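Notes for the structure review
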Amino acid sequence: MGLVYLFQEFIKLLNVTDLLYCLFSVQLGIIFGMLPGLTATVGIAILTALTFKWDPGNAILVLIGIYVGAIYGGSRTAILLNIPGTPASAATCLDGFPLSRTGKAAEALGLATTSSFLGSMVGLIALAFLTPLLADTALKFKSYEVFWLGVFGVAICGNLTAATDPLKGWISGILGILLSFVGMEAIQGYGRFTFGVSELMAGFSIIPVLVGTYALVEILSNLSDVETPSMVTQIGRVLPRFGDIVKNWVNIVRSGLIGVFIGIIPGVGENIGSYVAYDFAKRASKKPEEFGKGSIEGLIASETANNAVVGGALVPVLALAIPGSPPAAVLLAALFLHDVRPGPLLMIEQPMYIYTFSAMFGLATIAMFVLGIGIVKPLLKILRIKRTILMPIVFVLCMVGTYAISGRMFDIQVMICFGVLGFAMRKLGFPEAPLVLGIILGPMVDENLRRGLILSGGGIAPFFSSVISILLITAIFFTLFGRTKPVSSVVRAFFRPVTLLADSVKSIFRTRK
Amino acid sequence: MQDKHKETAKPDFIAAVVLTLLSLSILGISLAMPEYARQGAHAAPSLSPTIFSLLMLFCSLILLVRSVRFRGYGIWISREMFLQFVRSRLVHNFVAAFSLVLIYAFLLGKLHFALVSALYLFANILYFRSTGLLKNLIISVLSSVSIWYCFDSLFLIPLP
């Protein structure tokens, strides 16, 4: 029945006005996503203000379009310039940019578009049909589990981005967590590490940090490194090969489901989703050594997951009025502004709204695919512009994005400081991504650790007692020590009977053939 | 892996020393934070910074020990090395690019956004000799004015 409702609502949207609104907003979202510093959150926030007096239906359609477009659009600069337009695309840089450098920019963009489309479709299914069920699971995450989830996010990111020297990745992640403690903490209201600077009381906004550590570092590296080879341009086949997609169907389904699951968990968001999916893809791959050097599997995993997170993140928005990600939080506020009351009562008060909303999401996804495939080739022209011209222009846009968040010159100073820090880290072999993730997850880790301890009266037993906590702790353990010889040999010995059984089953089938 | 660690032993040693000192400083500041004894030590704002500074100290010490094993402490900068560094094109370009960034950030808010941006773009393109003077002027002015118009007038974003 749900499918019929979804189809009915989708048909209603097939009119010229809604189609134009959708195409316009998705294209604008792609542009926002492409520009470093102008994220999906900023895009939705700006458009919420601009569309405040519009008809609620059109306004929500535009905001969904911006969200879907921006998360996808971030992959463009990630692939072409190694600058993730949004935090969600940080994992895409790992394989997207190497592919671009080897002359496969068009192929990488085509694959990213298709993966994003498929990821969004998985998200759409979750949004329309699994909302009540999945919302139940998300509600089971208490402070203890959220704390472990944050630690897991930083550990996995450290592991992934510093494959040859995970220690440096973890140091970077811990440094990020420590930097996130700057400012007034949420439980006692005490200003930590502010040194009397009033601007530091609010902590570091994520946008200046992101723009500094990614964009400014990339701009300075590009402008200073005279030996760097020029960007390679190859206008090849934009539509990805059907075979590449079919070959990766397990990867796509797995990454989509991971994205949806991560999206449902409040506050986690697209960036973690893409990293987790990337790690799973690497572990499952027959060619893990290609990851980080231009692996198609890695690119597909990160892009499928970050777009699947969008659908997942909107599930708790509609079902519980709890945002799954920062852009979803702004969208939630926009829904309230437009007199839509999300939450458990939505299904009773406006039972069809979930399908209307899902249909809008579906339409935006299709628009994203059409525009994404349609404008791949014109976008490759960015590669033809000299870096020494392009990079300063990108920096001007970075300044705009950084300042636009709260209109403070202090944010520009923060951005420059993080640029210097990021540049030094890059030269010393420390990855920047765990630092950024640490800053994003630090408050979540801190608040949930202390809140959990307050709830348990100082006891640590609840942190280790639930099934979800145990699963997460196991995941953290294997992330940190899974590749060490003692652990891997124990795991191999543990799974030896299963491997033997599988081998014997295989040999039976071979004999029959 | 061992070769890789050997290669980076010297920069790792410097990084490890800096990180060890940093984590010790953070630990010191954390321990000096108020305890809020009524709510219990677990509610204190210093709890997480203490735990994570100890974790960073532990990781930094591992890095330090590893770099010492590969004689990373043997840092000696000869006059030739210093001169080579100072004369390197990479350093010149970095200093120029970063100085322009600083000047741009300093001037923002003091002069009109479009003017400062145009000056920044013009200076960058001029330094890196990316194109001729006239083309440079056209690119700089057009880019900065269009960015300013687009964000200030169309998107209504506050600009510095």
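Refer to the structure presented above.
Per-chain numbering applies: the sequence of each chain, read as written, is numbered from 1 onward. Following the order in which they are written, the chains are lettered starting with A and the ligands numbered starting with 1. Selection of residues for local features in this predicted model requires a pLDDT of at least 70, selection of side-chain atom pairs for listing and counting requires 80 or more, and totals for whole chains, interfaces and linings are taken over all residues. The side-chain figures draw on all heavy atoms in the structure; neither hydrogens nor water molecules are used.

Examining the interface of chain A and chain B
Selection rule: Here a residue-residue contact requires only that any non-hydrogen atoms of the pair lie within 4.5 Å. By buried area we mean how much accessible surface two parts lose on assembly, using a 1.4 Å probe and totalling the loss over both. Definition used for salt bridges: Asp or Glu carboxyl oxygen within 4 Å of a side-chain nitrogen of Lys or Arg. Here a polar contact is recorded for every N or O atom pair within 3.5 Å, except that within protein the pair must consist of a potential hydrogen donor and a potential acceptor, and residues adjacent in sequence are included only if both atoms are side-chain atoms.
Contact residues are listed per partner, giving 55 residues for chain A and 64 residues for chain B. With both chains or domains summed, chain A and chain B bury close to 5200 Å², and 82% of this area falls on carbon and sulfur atoms. Remark: the boundary between chain A and chain B carries two salt bridges. Salt-bridge contacts for K168(A) lead to D12(B); the nearest nitrogen and oxygen are separated by 2.6 Å. Counting every contact that joins chain A to chain B gives eight residue pairs in polar contact (both at pLDDT 80 or more).

Here we look at the pattern of salt bridges
Residues and elements named next belong to chain B. Convention followed: Numbering of helices and strands runs from the N terminus, with a helix taken as a DSSP run of H or I at least four residues long and a strand as a DSSP run of E at least two residues long. The cut-offs for exposure are 20% and 50% of the maximum accessible area for each residue type, with area from a 1.4 Å probe on protein chains only; residues under the lower value are buried, those over the upper are exposed, and the others partly exposed.
With the rule as written, the count across this model stands at eleven salt bridges over all chains. Between R66 and D12 there is a salt bridge, with the nearest N and O atoms lying 3.3 Å from each other. Of this pair, R66 sits in helix 3 (residues 47-69) while D12 sits in helix 2 (residues 9-31), and the two are 54 residues apart along the sequence. Summarising the burial analysis for this pair, R66 and D12 share the class buried.

Side note on the packing of helix 2 (residues 16-34) of chain A against helix 4 (residues 56-81) of chain A
Residue and element names in this part refer to chain A. Rule in force here: Each axis is a line fitted through C-alpha atoms, and for a helix only the stretch in contact is used; angles between axes span 0 to 180 degrees, taken between their N-to-C directions. Note: crossing handedness is left-handed where the near helix turns anticlockwise from the far helix by less than a right angle, and right-handed where it turns clockwise. Residues are grouped as follows: nonpolar covers Ala, Val, Leu, Ile, Met, Phe, Trp, Tyr, Cys and Pro; charged covers Asp, Glu, Lys and Arg; every other residue, Gly included, is treated as polar.
Taken N-terminus to C-terminus, the directions of helix 2 and helix 4 make an angle of 35 degrees; their axes are 6 Å apart at the nearest point. Our pair here, helix 2 against helix 4, has a crossing hand that is right-handed. The segment helix 2 lies against helix 4, with D18, Y21, C22, S25, V26, L28, G29, I30, G33 and M34 engaging N58, L61, V62, G65, I66, G69, A70, Y72, G73, G74, R76 and T77. Looking at the contact of helix 2 with helix 4, its residues break down into eleven nonpolar, nine polar and two charged.

Thoughts on the nonpolar core
So the rule is basically this: Residue types Ala, Val, Leu, Ile, Met, Phe, Trp, Tyr and Cys, when buried and joined through side-chain atoms within 4.5 Å, form a set referred to as a nonpolar core.
In terms of nonpolar packing, the biggest core is built from 118 residues, with I64(A), Y67(A), L314(A), F357(A), F395(A), Y104(B) and F151(B) touching the most fellow members. The element that contributes the greatest number of residues to this core is helix 4 of chain A, accounting for 14 residues. Dropping the residues within four chain positions of it, F357(A) is found in contact with I60(A), I64(A), L127(A), L314(A), L318(A), L331(A) and L335(A). Counting residues in hydrophobic clusters, the runner-up holds 54 residues, among them I156(A), L437(A), A16(B) and C59(B).

Notes on the packing of aromatic side chains
Residues and elements named next belong to chain A. Heads up, the rule is: Two aromatic rings from Phe, Tyr or Trp, using only the six-membered ring of Trp, form a pair when their centres are within 6.5 Å; if the ring planes differ by under 30 degrees the pair is stacked, by over 60 it is edge-to-face, and anything between is tilted.
One pass over the full model with this rule turns up 18 aromatic pairs over all chains. On the numbers, 4.7 Å between centres and 40 degrees between planes, the contact of F117 with F369 is tilted. In this pair, F117 sits in helix 6 (residues 105-129) while F369 sits in helix 17 (residues 353-374), placing the two residues 252 residues apart along the sequence. Residue classification places F117 among the buried positions, given a relative accessible area of 18%.

As for the side chain of K168(A)
Note that K168(A) resides in helix 9 (residues 166-180). When sequence neighbours within four positions are dropped, the list of residues in contact with K168(A) reads L428(A), G429(A), F430(A), P431(A), T8(B), D12(B), L63(B) and R66(B).

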